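Chain by chain, the residues run as shown.
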Amino acid sequence: MNQSFFIKTYGCQMNDYDSDKMEELLTFNGFNKVTNFEKSDVAILNTCHIRKKASDKLYSDLGRLSIFKENKNKLGKQMQIIVTGCVAQAEGEEIIKRNKSVDYVIGPQNFHIIPDLVRKKNSSKVYTDFLCEEKFESLPVSNVKNISRLVTIQEGCDKFCTFCVVPYTRGAEYSRPVEDIFAEVLQYSKFGTSEITLLGQNVSSYSSRIYEDSKKKEVPLSGLLKILSRISGLKRIRYLTSHPSDITDELISEHKKNKLVMPFLHLPIQSGSNEILKLMNRKHTKEEYLRIIKKIKKEVPKMAFSSDFIVGYPGESDTNFEETLDLIEKVGFASSYSFKYSPRPGTPASTKKNFIDESTSNMRLKKIQELLNKQQRYFNDSFIGKTMDVLISGKGKKENQYVGRTPYLQPVHIMSSKSLTGKILKIKIESLTSFSFHGKILN
Ligand code: SAH
Ligand code: SF4
Ligand code: F3S
C-alpha cells in the first residue's frame, strides 16, 4: 500500500508555497495525502523561526507526536517524523538531540530529497545545504485547479536586518530564472489560475537575466511583472515582500501601466524612528519611506499600503515609539502586522543589553494595534456603497454563498445560486462585519 503523509505548516507564505510543493512532490511520487498526523506514515512539520513563539510551537507539537509514534511502534507500525523549514535550518542536529523521535531534519533548500529519503532510509539525518537551484529544478508543477496561487520567485535575503533570522535560515538571495517562473505560471494558468502572488523575502530586489536578440538583458521585478502579464487567463498579479530601499521608478510605472498588477503594496518599515531604523540596519530613513509613499500615490492615486512593525526593539525609547505612531498617522495604512520584538539566537540585536521590559512592550503593542485597527476600519468603511472588482475564489461556508477578494485583499461574501468561482465581478459593497464585506452583484 502507498505510504501516507500529512504536512503542518507554520510561518509565512514562503512556507505555504514550500508545503504546496512538498505535497505535489510526494503525491507525484505515489504518496497519499491524509487529513491529520494520526493517519500518516510520514509526518512533516514545516517550521518557522522568525519569533520565539513560532519556533516553540515545533517542540510542543513534537512532544505530542513522539508519544503517538511510540504507540504506533508498539503496535508494529512505522512512522517517520520530518522537521523541515526555518527551525530545521537554524537548529539542525539540536532538534534530534531534543527529541529522539525525529527521523530527519531538512532545511528549506533541501526538501526536494524527501521522497527518496523516506523510501530508502538514509544514515544521515540532517540536510541543511543551500541548494536553491537544484531544489527548484526538481519540483513538479501541479495540475490542481486553484484560483489563486503562490509562486516563489526568490529565496533568501542579503539585507541582514539586525533582528532577523531569514538571511541565516533561507540563505543568500537567489532569484529564479525568468523562464522557469514563466513556465510555472503558464502551467497554473492553463489549469485555471487567475491570480498569482510572487513571493520572496525581498522580492523588490529580484534580478535575473534573459537573452533577447542574442544579448543578455537584466530583468528586475518590474520586467518580470511585464513578462508574466502576457500569460493569457491571468487576471491579477501581486508580489511580496518589498523593501523600501529597492522601490524603483520602473516598478512604480509598472503599477501605473499594467492593469494586472494590483494597487496594493506591502512595504514594511518596522519603525518610524530614524535612530531605531539605523540600529536595525534597515538601510532607509523615515523621510525616505514617506517620499516613496508620496511618489507612488502621485503616480497611482488608488494605491494602498500595508506594513510590518516591531515594538520594543532594544533601546526603543518612548519618543522613538511615539515617532512610529506619528509615521502611521502620516501614511494611513490599509492593514498591517505588528509584533513584539523577540530576540533570536545568532542575530546581532540579540546580544544587546538594553532590552525593553515586557510590560512596556505589551503596552506599546496594544497602542500600535489600536491605531492600525482604527486605520484599517477607516479604510474599509470608505468602500461601503461603492462598487469593486471582486475575484471570486470559491464557495463560502453558507449555502449559495461565495467568497472573493477585492484588489486590496479584503474578503467579500456574495450570495448566488449560480457558480461564480474564478470570475471577476462588479460587486456593490453593502456592509462590513469585522473585516469582511458583504455585497451584491451588479447587473
Ligand atoms: N522580508 C520582510 C519580512 C520579514 S519577516 C521585510 O523585510 O520586512 C516578517 C516580519 O516579521 C518582519 O517584517 C518583522 O516585522 C517581523 N520580525 C522579524 N524578525 C522579528 C523579531 N526578531 N522579533 C519580532 N518580529 C520580527
Ligand atoms: Fe529579514 Fe530584513 Fe531580510 Fe526582511 S529584509 S527578510 S526583515 S533581513
Ligand atoms: Fe518564518 Fe522562515 Fe518565513 S523564519 S517567516 S518561515 S522565511
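Here, every reference points to the structure presented above.
Note that this is a predicted model, so its numbers are computed, not measured. (Residues numbered from 1 in each chain as written. Chains lettered and ligands numbered in written order. Predicted model: local features only at pLDDT ≥ 70, side-chain atom pairs only at ≥ 80, totals over all residues. Heavy atoms only, no water.)

**Concerning the nonpolar core**
Stated precisely, the cut-off is as follows: The nonpolar core is taken to be a set of buried Ala, Val, Leu, Ile, Met, Phe, Trp, Tyr and Cys residues, with the residues joined through side-chain atoms within 4.5 Å. Each residue is assigned to one of three classes by its accessible area relative to the maximum for its type, calculated with a 1.4 Å probe on protein chains only: buried under 20%, partly exposed between the two thresholds, exposed over 50%. Residue contacts are counted whenever heavy atoms from the two residues lie within 4.5 Å of one another.
Ile-153, Leu-198, Leu-224, Leu-228, Tyr-239, Phe-333 and Ile-368 are the most contacted members of the largest nonpolar core, which totals 49 residues. If we skip the residues at most four places from it in the chain, Leu-224 touches Ile-153, Val-178, Ile-181, Leu-198, Tyr-206 and Val-219. Core analysis: the second largest hydrophobic core is formed by 25 residues, Leu-25, Val-42, Phe-136 and Leu-150 among them.

**A closer look at the environment of Val-165**
Definition in use: Helix numbering and strand numbering both begin at the N terminus, where a helix is a DSSP run of H or I of at least 4 residues and a strand a DSSP run of E of at least 2.
The residue Val-165 is located in the loop between strand S8 (154–155) and helix H7 (166–169) in this model. By relative accessible area, Val-165 is classed as buried at 3%. Sequence spacing of Val-165 and Thr-347 is 182 residues, and the spatial spacing of their C-alpha atoms is 6.5 Å. Once you skip the residues sitting within four places of it in the chain, Val-165 turns out to touch His-49, Ile-50, Arg-344 and Thr-347.

**Some points on the pairing of strand S21 (residues 436–441)**
Note the threshold: Paired strands, as defined in this entry, are two strands with at least two bridges between them according to DSSP.
With three bridges joining them, strand S19 (residues 411–415) and S21 adopt parallel strand pairing. Bridge pairing in S21 links Ile-414 to Gly-439. From the end of strand S20 (residues 424–433) to the start of S21, which pair antiparallel, there are two residues, and Ser-434 there has a positive phi angle of about 40°.

**Digging into the site of ligand 3**
This is how it is decided: One heavy atom suffices: a residue is near a molecule or strand as soon as one of its heavy atoms comes within 4 Å of it. Polar here means any residue outside two lists: the nonpolar Ala, Val, Leu, Ile, Met, Phe, Trp, Tyr, Cys and Pro, and the charged Asp, Glu, Lys and Arg; Gly therefore counts as polar.
Around ligand 3, a shell composed of Cys-12, Asn-15, Cys-48, His-49, Ile-50, Cys-86, Arg-170 and Gln-201 is seen. Grouping the amino acids of the shell around ligand 3 by side-chain chemistry returns four nonpolar, three polar and one charged.

**Observations concerning unusual backbone geometry**
Going from Leu-240 to Thr-241, the amide bond is cis rather than trans, its omega being 5°. Even without being glycine, Gln-270 reaches a positive phi, approximately 80°. Looking at Gln-270, the relative accessible area reads 8%, which means it is buried. The phi dihedral of Lys-283 is positive, around 65°, even though this residue is not glycine.

**Observations regarding the sheet that holds S19**
Remark on secondary structure: sheet strands pair via backbone hydrogen bonds, oriented parallel or antiparallel. Short version of the rule: Only C-alpha atoms enter the line fits that serve as axes; for helices the fit covers just the stretch in contact. Angles between N-to-C directions range over 0 to 180 degrees.
Here five strands make up a closed barrel; going around it, the order is S17-S18-S19-S21-S20 and the pairing mixed. For this sheet, the mean inter-axis angle between neighbouring strands, taken without regard to orientation, is 50°.

**Some points on the pairing of strand S17 (residues 387–395)**
In this structure, S17 lies alongside S20, joined through five bridges in antiparallel fashion. Residue Leu-391 lies in a different strand from S20, and its bridge partner there is Ile-424. In textbook terms, the turn of a hairpin is the stretch between consecutive antiparallel strands, and for S17 and strand S18 (residues 401–405) this stretch comprises five residues, one of which, Asn-400, has a positive phi near 60°.

**Notes on the sheet that holds strand S14 (residues 264–266)**
If you walk across this open sheet you meet the three strands as S14-S15-S16, and the pairing is parallel. Across the chains shown, the open sheet's two edge strands, defined by having one partner strand only, are S14 and strand S16 (335–340). Each neighbouring strand pair of the sheet contributes to a mean axis angle of 10°, computed without reference to strand direction. As paired strands, S14 and strand S15 (residues 304–311) are joined by three bridges and run parallel to one another. Bridge assignment links Leu-265 to a residue of S15, and that residue is Phe-305.

**A short note on helix H13 (residues 318–331)**
Operational definition: Here, expected helix span is obtained from the residue count minus one, scaled by 1.5 Å. Working note: the arc is built from the helix axis to C-beta atom directions.
Between the first and last C-alpha of H13 there are 20 Å, a value that for 14 residues agrees with the 20 Å anticipated at 1.5 Å per step. Among all positions of H13, only Asn-320, Phe-321, Thr-324, Leu-325, Leu-327, Ile-328 and Val-331 are buried. All buried residues of H13 project into a common sector of 155° when viewed along the axis, lining one side. Residues of H13 that are exposed and point over 90 degrees away from its buried face: Asp-318, Thr-319 and Lys-330.

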